[in-house]
Each structure stands twice: as structure tokens, then as C-alpha cells.
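What follows is the residue order along each chain.
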Amino acid sequence: MQAEQEDRFQEFVRARWSHLVRTAYLLTGDAHHAEDLTQTALAKAYRSWRRVSGSDNPEAYVRRMLVTCNSDRFRKRRVKESLTDAPPERAGRDEAVARVDERGVLMAALAGLPPRQRAVVVMRYWEDLSEAEAAEVLGCSQGTVKSQASKGLAKLRTYPGLAQVMDRAPQGGTR
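Every value quoted in this text rests on a predicted model; they were computed, and no experiment measured them.

Caption draft 1: Local environment of the packing of aromatic side chains. On inspection of all chains with the given rule, the structure shows three aromatic pairs. Ring geometry for Phe9 and Trp49: centres 5.1 Å apart, planes at 75 degrees, overall edge-to-face. Of this pair, Phe9 sits in helix H1 (residues 3-28) while Trp49 sits in helix H3 (residues 49-53); the two residues are 40 residues apart in sequence, bridging distant segments of the chain. A relative accessible area of 9% places Phe9 in the buried class. Given the relative accessible area of 4%, Trp49 is considered buried. Arranged with centres 5.2 Å apart and planes meeting at 45 degrees, the rings of Phe12 and Trp49 form a pair that is tilted. Highlighted residues: Phe12 in helix H1 and Trp49 in helix H3, separated in sequence by 37 residues. Grouping residues by exposure puts Phe12 and Trp49 together as buried. Site record: aromatic cluster; members linked through ring pairs are Phe9, Phe12, Tyr46 and Trp49.

Caption draft 2: Structural detail: helix H6 (residues 115-126). Under the 1.5 Å per step criterion, the end-to-end length of H6 is 15 Å for twelve residues, consistent within 8% with the ideal 16 Å. Here H6 lies mainly inside the structure; nine of its twelve residues are buried. Immediately downstream of H6, the backbone of Asp128 shows phi near 60 degrees, a positive value.

Caption draft 3: Structural context of the nonpolar core. With 41 residues, the main nonpolar core has Phe12, Leu42, Val62, Leu66, Val67, Met123 and Leu138 as its most contacted residues. At the level of elements, H1, helix H2 (31-47), H3, helix H4 (58-76), helix H5 (95-111), H6, helix H7 (131-138) and helix H8 (142-157) are the ones that each hand at least two residues to this core. If you tally residues by element for this core, the top one is H1, at eight residues. Not counting chain neighbours up to four residues away, the residues in contact with Val67 comprise Leu27, Ala119, Met123, Val137 and Leu138.

Caption draft 4: Structural view of the packing of H6 against H7. It is at 9 Å that the axes of H6 and H7 come closest, and there the two elements cross at 135 degrees. The angle between the axes of H6 and H7 places the two elements in the oblique class. Read as a crossing pair, H6 and H7 show a hand that is right-handed. In this structure, H6 uses Arg116, Ala119, Val120, Met123 and Arg124 to contact H7, whose residues at the interface are Glu131, Ala134, Val137 and Leu138. Counted by class, the contact of H6 with H7 contains six nonpolar, no polar and three charged residues.

Caption draft 5: Quick peek at H2. Counted at 1.5 Å a residue, the expected span for H2 with its 17 residues is 24 Å, and the 25 Å between its end C-alpha atoms agrees. The backbone nitrogen of His32 lies 2.9 Å from a side-chain oxygen of the residue at the head of H2, namely Asp30.

Caption draft 6: The arrangement of a negative patch on the surface in detail. On the surface, a cluster of negative charge is contributed by Asp56, Asp128, Glu133 and Glu136. Its location among the elements puts Asp56 in the loop between H3 and H4. Taking the relative accessible area as the measure of exposure, Asp56 reaches 82% and is therefore exposed.

Caption draft 7: Here's a closer look at the packing of H1 against H6. With their axes 9 Å apart at the nearest point, H1 and H6 run at an angle of 140 degrees to one another. When the interaxial angle is binned, H1 and H6 end up oblique. In this structure, H1 crosses over H6, and the sense of that crossing is right-handed. In this structure, H1 contributes Arg22, Thr23, Leu26, Leu27 and Thr28 to the contact, and H6 contributes Arg118, Ala119, Val122, Met123 and Trp126. When the residues that make up the contact of H1 with H6 are grouped by side-chain class, the tally is six nonpolar, two polar and two charged.

Criteria and cut-off values
Residues numbered from 1 in each chain as written. Predicted model: local features only at pLDDT ≥ 70, side-chain atom pairs only at ≥ 80, totals over all residues. Heavy atoms only, no water. Phe/Tyr/Trp six-rings, centres within 6.5 Å; stacked < 30°, edge-to-face > 60°. Helix = DSSP H or I, 4+ residues; strand = E, 2+ residues; numbered from the N terminus. Buried < 20%, exposed > 50% of the residue type's maximum accessible area, 1.4 Å probe, protein only. Expected span 1.5 Å × (residues − 1). Core = buried A, V, L, I, M, F, W, Y, C linked by side-chain atoms within 4.5 Å. Contact = heavy atoms within 4.5 Å. Axes fitted to C-alpha atoms, helices over the stretch in contact; angles between N-to-C directions. Parallel < 35°, antiparallel > 145°, perpendicular 65-115°, else oblique. Left-handed = near helix turned anticlockwise from the far one by under 90°. Nonpolar A, V, L, I, M, F, W, Y, C, P; charged D, E, K, R; others polar. Polar contact = N/O pair within 3.5 Å; in protein donor to acceptor, adjacent residues only side chain to side chain. Patch = residues over 30% accessible without salt bridge, like charges linked within 9 Å, V, L, I, M, F, W, Y side chains within 5 Å. Areas by Shrake-Rupley, 256 points an atom, 1.4 Å probe, with all protein chains shown as cover. Salt bridge = Lys/Arg side-chain N within 4 Å of Asp/Glu carboxyl O. Lys, Arg positive; Asp, Glu negative; His and termini not counted. Charge placed at Lys NZ, Arg CZ, Asp CG, Glu CD.

Spelled out as C-alpha cells, the structure:
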């Protein structure tokens with residue numbers, strides 16, 4: 001890779017790293033997997049940076065790589081993860097601890113979705129992509145995005161404790 005392309009890639013990584021890791025975290029539900037997933041996607045982007053940077057939206061291109069790499073992770077090995085019903089008891093709860101617990105409920109609810117539904121929900125409602133943009137990132141039709149979002153949201157609505165978290169959330173949602 002030429003020095004100029006190398007500089008552009010490094011600038012992209014510096015500017016978008018935390019956002020990409022946050023998206024990967026929502027896809028995986030685990031901070032360590034999220035960083036690994038982001039690094040894997042960026043390594044693939046680096047190898048084809050000339051094509052990626054030449055696209056209309058390099059970030060969308062790399063987001064698509066995140067989703068694909070995450071799907072590959074499920075294809076390669078199925079790891080059974082078990083979630084507990086409740087976090088361990090803590091002495092003295094404050095607002096920060098309550099927010100961590102709320103986030104834990106949300107992450108557990110997302111973890112309960114199949115990978116495709118989770119990816120659609122994350123792209124549509126966390127990344128705030130339109131149906132067309134989400135379809136492009138996920139490599140599927142807009143109809144698939146609509147149906148998977150509908151099924152995913154319906155399943156999230158039945159998750160115990162999530163309704164109470166959303167009732168306490170400020171108007172406009174939280175990020």
C-alpha cells in the first residue's frame with residue numbers, strides 16, 4: 001500500500017474506531033469479541049483499502065464487513081453462552097450502577113435474538129440506518145429488513161424486564 005493510502009486508512013481507523021467497536025459490541029454482546037471483530041473487519045478493509053476508500057461510503061463498506069465477519073464467526077464455531085437471570089447483588093445502588101444494569105438487560109435481550117434479527121435491529125435502531133441502507137449493509141432486500149426488524153422487535157417486547165427499562169428511559173431513547 002502506498003504511503004498516501006496508508007495515511008488515509010490510519011486516519012479512517014482513528015476517526016471511526018470507537019464507533020465501529022460500539023457497533024460490533026451490539027452485534028456480539030461481548031467487549032472482547034467486539035474488538036476482535038472490529039480488528040478482523042479492519043484487517044480485511046486494509047487489504048482492499050483502495051476499493052473500500054473508493055466506494056461512496058467507506059464506513060458503510062466496513063460496517064458490512066463487520067456484519068459478514070460476525071456471521072462467519074457463527075458459521076465457524078458455535079459457542080454456547082449462558083446468561084444469568086439476574087446480576088449478583090451489590091451493596092449501595094446509584095444511578096451509574098442502575099444504568100449498567102439497564103444496559104445489561106438490553107444486551108441480554110439482544111443476545112436472545114438470532115444473529116440476523118440482531119444485526120437488523122442494531123443497524124436500524126442503534127445505527128439509525130434507513131431500511132434501504134440497512135439492506136445494503138446486510139446484503140439483503142428491504143423486505144427482509146422489514147420482516148426481521150418486526151420479528152426482532154416483537155421478541156424484544158416479550159423479554160422480561162426490558163419493558164421496565166424502556167419505561168424509565170428518557171424520551172428519545174438512550175445510546
